[in-house]
Amino acid sequence: MSHYTLILLGAFHLAIEGEATVELPANKTGALLAYLALESATHQEVGRPRRHLAGLFWPDIDEKYALQSLRNALYNLRQLLQNAASTPDEDFLTVTRQAVGLDGRIEVDALRFQGLLTEVAQHPHPELNQCIRCEEKLVEALKLYRGELLTGLSLEDTPAFEEWLLLWREFLHQQVLVATSQLVEIYEARGALRAAHSYASKLVALDEYREESHRALMRILAGQGLPEQALSHFERLRLLLRDELNAKPSPETSALAQQIAAGEFVAPKRAQKLDASPAAPAIAPVAQKSVAPEEAPSEIFAPAAAGSTGSPGSPVALSPTLDLHDVPEPGSFFGRAPERRQLAQWLLQERTRVVAILGLGGMGKTTLAAHCVRALAAEPRADSFDAIYWRSLVNAPPLAELLPPLLQNLSDQQLFEQPTHLDEQLRLLMQYLRQRRLLLVLDNVESILDSERAGAYRVGYEPYGQLIQQAATLEHQSCLLLTSRERPRGYARWERDGAHVKSLQLVGLDGDAGRQLLMRRGVHGDDATEAMLIARYSGNPLALKLVADTVDGIFAGNIAEFLQEETLIFDDIRAVLDQHFARLTDLEQQILFWLAVAREPMSPLALRQSLLRTPAQRDFLETLRNLQRRSLIEGVGADFALQNVVTEYLTERLIEMAAAEIESDILHRLLQQALLIAQAKDYVRESQTRLILHPIGEQLIDRMGATGLQAKIKQILHNLRVNTPQARHYAGGNLLNLLLALEIDVQGYDFANLSIWQAHLQEATLPNVNFRGAHFANTLFVDNFGGMTALALDPHNIRLASAAGGDALIRLWGVQ
């Protein structure tokens, strides 16, 4: 009989014989399995009452329908487990008319983790650092903790389950803190400082506000002869406490830093060696099996090996010459075996110079490209590439901005004089493509193409055509890989004319891959209904993910019931997104709009600080998890971003909402949301102006004329001053940015006592604009300087002199 392990810590999956894995859905079906697994250890009775489970997971509907939803979820769960079983007759669920339970044959990693720590706590040893057996158990337990319990799972409509999950997560997190602290104590006492350093770093990462962990790391660094690093760490801690908690380090932590700075810190004496104790002969064989203190694993929390679909965040063994920092994480990957084989043949065997992956939005072009690139990096081979460079064009950077830093990277930072002309830069790029075997990926090429002329480049972006043409027609040993919704002009001709240019047209997922995707998201039906759902959305992976969320959330994963509901049948990807958007909370919508405006990944901290009203940290993180679960946002390293098709959808929606609010003088989204981010990179800010502000202005001018628009904005500014005096919001900065983007003369406009946030004023001329009492924040001016210490006008009121405290400069300003 096979051995099964249910992995609840980190990526949620079922491991069979420790090797093959079955990913489990992060929805109510998966949550039900996890709940039954953990509750089996805390309740003596066999199974949990059906009514209890129905009320726990479907609290807001009538009990009759809640029990029906539970039956659907149990059916899906049984199918999932039977498909994973080594023999078809194995049944892991115990289901009666009254209760539901999980077979005890399935080992649960969270319970094993807890059991190991309980054994350590109950073991009679004189000193923990003298007990090899307990050390082994602590190390084994921490290997099991690959991440928080049920990472990424969140059910916003089940408050009782969410509370249960939160308590379990906190309980296990505290146990990890204790276990990691014990290993730090063991290795520090023995003088095994390299191993102690590894665990102390993990301890700080687990709870960055726990000063005891920071002190341990400072002691260990100082003990290793690295006092500068210890003091640098103390400074980071000081800034963290000041910025996040408005607090100072404790006297104990400050005293330790002073000792280290003065050279007075003395590391504790190394504890007596184990082999010197009277019991050494008896435990020597165990010691030979234990983890060598100086070689303790550095990745205690490394995720489990990925299954066939590839779990997000799985470690990749990178070749030292391949930097994947900018390559998106492809996440779960379904099917596409013929496409992957075709790309491998073109890139490696045929050494094709230019390859384009083409397809509709949401079809998975970027995911396929990222998967292939990471596969190349994971298995270096003689015919592979020396280096990989991934550049996203989603914000349409001009080629003149993209090339210089790329050339600097290609030169290993040895390019001391950059070519100034584009032709020279392209010649240098081709030189590098000939000298080394490079893979250059340009993602989202459609962003630089004209929306009204198929395949034509937007004004100012024609040089990209020159780059693609040279890569296609000139001799070199590298490859240019493109992803795009449409084929650039000239590409078809180059493809016809030679064997060095190829294109791969992505169509929808096939039936098997589509079923895998639906199963991963907890949606199940018979072959006919699954095939009907997949066909209805042409196998588009993004559409299937979004529809599956609706099927799971409303119909407990039952496809047949969903297909009977005419009102919930979608015609295209926009209709799918409309349906999802209508179900989002206001906080979820705000986060999505901020990511759409940013047009590049944002960190959780930057996102939270941008929101008009800062939510509680717990609510904010849970909201991010919900959006990830719905496939509306995706992780990019530690940051978050949107798929390009979602960015476009939200941009269009924001334009419509903003224009309607200005026209009606009833502001909501314009109060909460900046339409332009002043501190963004130049090309991103230009995209925000071109793709958001200009379309809003054009719609409004079409409806009310330029004069009518100006009168409307003045009326809105007046109403804001009267109705919301001194209120903090983004409306003032939005309206000012809109006026400036439309090149409307703002002379005489009154912004007194309003918030001017995220305004870009570096190139603005603002004569006679009233900013009396205005509150400026995150606004970019022509120059930035510290607090003013003195101001003076010349006798003729022509020049203004200013002195700032931060430098030794006196600035002269033309008053006009």
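The structure presented is a predicted model; accordingly, all values stated were derived computationally and were not measured.

What follows covers the sheet that holds strand S19 (residues 810-814). Spatially, three strands are ordered S17-S18-S19 in an open sheet, and the strand pairing comes out antiparallel. Of all the strands in the sheet, the pair left with one neighbour each is strand S17 (788-793) and S19. Taken over all neighbouring pairs, the strand axes of this sheet differ in orientation by 20° on average, direction set aside. Examined bridge by bridge, strand S18 (residues 799-804) and S19 share five bridges and lie antiparallel to one another. Each residue of the ladder has a partner; that of Ser802, found in S19, is Arg811.

So, on to the nonpolar core. By size, the foremost hydrophobic cluster in this structure holds 89 residues, and its most contacted members are Leu6, Phe57, Leu149 and Phe161. Broken down by element, this core gets its largest block of residues, twelve residues, from helix H6 (residues 159-190). Ignoring sequence-local partners within four residues, the contact set of Phe57 consists of Lys28, Ala31, Leu32, Tyr35, Leu155, Thr158 and Phe161. Core analysis: the second largest hydrophobic core is formed by 70 residues, Ile591, Ile692, Ile696 and Tyr730 among them.

A few words now on the pattern of salt bridges. Per the counting criterion, the structure on display carries 21 salt bridges. Here Arg169 and Glu148 are joined by a salt bridge, their closest N and O atoms 3.7 Å apart. Here Arg169, found in helix H6, pairs with Glu148, found in the loop between helix H5 (132-144) and H6; they are 21 residues apart in sequence, far enough to count as distant. When salt bridges that share partners are traced, they join Glu148, Arg169 and Glu622 into one network.

Before going further, it helps to examine helix H7 (residues 193-206). Each α-helix turn comprises 3.6 residues. Residues three or four places apart therefore point the same way. Taking 1.5 Å per residue, 14 residues should reach 20 Å; H7 reaches 19 Å between its end C-alpha atoms and fits that length. For H7, a buried count of ten out of 14 residues is recorded, marking the element as mostly surrounded by other parts of the structure. Within the span of H7, buried status applies to Leu193, Ala195, Ala196, Ser198, Tyr199, Ala200, Lys202, Leu203, Val204 and Leu206.

Glancing now at the confidence of the model for the chain. Where the model shows low pLDDT, its predicted coordinates should not be examined in detail. Per-residue pLDDT for the chain averages 81, and the proportion of residues at 70 or more is 86%. Long-range and interchain partners of residues 566-571, a stretch whose pLDDT sits below 50, account for 14 contacts in this model, where long-range means more than four residues apart.

Our focus in this paragraph is the pairing of strand S6 (residues 99-102). Note on strand geometry: in a regular strand, side chains alternate between the two faces of the sheet. Burial of the side chains of S6 extends over both faces: Ala99 and Gly101 are buried on one face and Val100 and Leu102 on the other. Here strand S4 (residues 48-49) pairs with S6 via two bridges, running antiparallel. When the bridges of S6 are listed, Pro49 appears paired with Ala99. When strand S5 (residues 93-95) meets S6, the two strands line up antiparallel, connected through three bridges. Across the sheet, Leu93 pairs through a bridge with Leu102, a residue of S6.

Turning next to unusual backbone geometry. The residue Arg336 is not glycine, and still its phi comes out positive at about 65°. With respect to the helices and strands, the residue Arg336 is situated in the loop between helix H11 (280-289) and helix H12 (337-349). Classification of Arg336 as buried rests on a relative accessible area of 6%. In this structure, Asn778 takes a positive phi of about 50° despite not being glycine.

Further remarks concern the side chain of Gln673. Counting through the fold element by element, Gln673 comes out in the loop between helix H27 (669-672) and helix H28 (682-723). One polar contact links the side chain of Gln673 to the main-chain amide nitrogen of Trp594, over a distance of 3.4 Å. Setting aside residues up to four positions removed in sequence, Gln673 forms contacts with Gln590, Phe593, Trp594, Val597, Leu654, Tyr730 and Asn734.

Criteria and cut-off values
Residues numbered from 1 in each chain as written. Predicted model: local features only at pLDDT ≥ 70, side-chain atom pairs only at ≥ 80, totals over all residues. Heavy atoms only, no water. Pairing = 2+ DSSP bridges. Helix = DSSP H or I, 4+ residues; strand = E, 2+ residues; numbered from the N terminus. Axes fitted to C-alpha atoms, helices over the stretch in contact; angles between N-to-C directions. Core = buried A, V, L, I, M, F, W, Y, C linked by side-chain atoms within 4.5 Å. Buried < 20%, exposed > 50% of the residue type's maximum accessible area, 1.4 Å probe, protein only. Contact = heavy atoms within 4.5 Å. Salt bridge = Lys/Arg side-chain N within 4 Å of Asp/Glu carboxyl O. Expected span 1.5 Å × (residues − 1). pLDDT = per-residue confidence, 0-100. Polar contact = N/O pair within 3.5 Å; in protein donor to acceptor, adjacent residues only side chain to side chain.

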